[in-house]
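# Geometric and topological summary
As a plain string of letters, each chain reads:
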Amino acid sequence: MTENVWIGGVRPAAPDLPELMGRVALGDQQAFTAVFDAVSGPVLGLVRTVLRDSAQSEEVAQEVLVEVWRTAARYQPSRGSVMTWVLTLAHRRAVDRVRSEQAASNREKRVALLEHTAAYDEVVEEVEGRLEREQVRRCLRGLTELQRQSVTLAYYRGLTYREVAELLTVPLGTVKARMRDGLIRLRDCLGVGV
């Protein structure tokens with residue numbers, strides 16, 4: 001940590017952060033160093049209050065400062081101070097990290113639960129699968145030819161609506177209408193709730 005050296009007993013003037021940010025936006029590394037010196041402490045402090053983990057806090061603070069370097073041109077003085085802008089970036093990044101960690105923890109818990117579920121009966125699964133496939137085939141036969149073609153191309157071949165329209169040489173709106181009507185009929189036939 002560097003100490004402030006007062007020359008002649010006079011405290012040096014605070015840097016003009018908006019002016020420095022304009023220079024950072026143009027790629028001025030010296031200006032970024034001055035911005036970094038001014039904001040890095042508050043950024044790390046804010047991130048630590050959100051994350052409460054030193055290693056992650058330092059990592060997120062570094063990410064924020066890299067983002068400041070990369071997105072300096074987005075700073076708009078009319079919308080607030082440089083410090084406010086940077087601390088907003090830091091807070092958002094820290095909250096994103098907390099959410100990401102929580103999501104990872106939830107995934108791990110779900111995986112652990114799945115590993116402890118009872119084994120299923122393969123014969124029952126196979127029979128149920130066959131019955132479901134037959135029901136889908138029966139319901140597909142209940143569609144008009146145009147609806148069936150559109151649904152089959154989109155869902156079984158993985159084509160986009162635009163690709164289906166080009167393949168069938170019909171307008172995109174027509175394909176969308178066929179798909180909508182066909183899917184409604186399939187839903188009703190399969191007894192699937194909305």
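This one's a predicted model, so the numbers in the text were calculated from it and none came from an experiment.

### A few points about the packing of helix 6 (residues 145-155) against helix 8 (residues 172-190)
- Contact geometry for helix 6 and helix 8: axes closest at 9 Å, N-to-C directions at 90°. As the angle between them shows, helix 6 and helix 8 are arranged roughly perpendicular. Contacts between helix 6 and helix 8 involve Leu146, Gln147, Ser150, Val151, Ala154 and Tyr155 from the former and Arg178, Met179, Asp181, Gly182, Leu183, Arg185 and Leu186 from the latter.
- Tallied by class, the residues present in the contact of helix 6 with helix 8 amount to seven nonpolar, three polar and three charged.

### Remarks on the layout of surface pockets
- By volume, the second largest pocket is sized at about 210 Å³.
- Every residue along the wall of the second largest pocket is listed here: Arg74, Tyr75, Gln76, Arg79, Gly80, Ser81, Thr84, Trp85, Thr88 and Arg92.
- For the lining of the second largest pocket, the per-class residue count stands at two nonpolar, five polar and three charged.

### Quick notes on the confidence of the model for the protein
- Across the protein, pLDDT averages 85, with 88% of residues at or above 70.
- Highest mean pLDDT in the protein belongs to helix 3 (residues 54-70) (95); lowest belongs to helix 5 (residues 122-141) (80).

### Some remarks on the nonpolar core
- Formed by 24 residues in total, the largest nonpolar core has its most connected members in Met21, Val35, Val43 and Val68.
- Broken down by secondary-structure element, the contributors of at least two residues to this core are helix 1 (17-25), helix 2 (29-51), helix 3 and helix 4 (82-115).
- Element by element, the count of residues in this core is highest for helix 2, at seven residues.
- With 13 residues, the next largest nonpolar core counts Ala154, Ala165, Val175 and Met179 among its residues.

### Examining the state of the cysteines
- Inspection of every chain in the model, using the stated rule, returns one disulfide.
- A disulfide bridge connects Cys139 with Cys189, and the sulfur atoms are separated by 2.0 Å. The sign of the -80° torsion about the S-S bond sets the Cys139-Cys189 disulfide as left-handed. With Cys139 in helix 5 and Cys189 in helix 8, this pair connects stretches of sequence that are 50 residues apart.
- Its relative accessible area of 3% is what places Cys139 among the buried residues.

The rules we used
Residues numbered from 1 in each chain as written. Predicted model: local features only at pLDDT ≥ 70, side-chain atom pairs only at ≥ 80, totals over all residues. Heavy atoms only, no water. Axes fitted to C-alpha atoms, helices over the stretch in contact; angles between N-to-C directions. Helix = DSSP H or I, 4+ residues; strand = E, 2+ residues; numbered from the N terminus. Parallel < 35°, antiparallel > 145°, perpendicular 65-115°, else oblique. Contact = heavy atoms within 4.5 Å. Nonpolar A, V, L, I, M, F, W, Y, C, P; charged D, E, K, R; others polar. 1 Å grid on protein atoms, 1.4 Å probe; cavity = no way out; pocket = protein on both sides within 12 Å on 5 of 7 lines; lining within 4 Å. Points joined across faces, edges and corners; volume = space filled by probe spheres on them. pLDDT = per-residue confidence, 0-100. Core = buried A, V, L, I, M, F, W, Y, C linked by side-chain atoms within 4.5 Å. Buried < 20%, exposed > 50% of the residue type's maximum accessible area, 1.4 Å probe, protein only. Disulfide = S-S within 2.5 Å.

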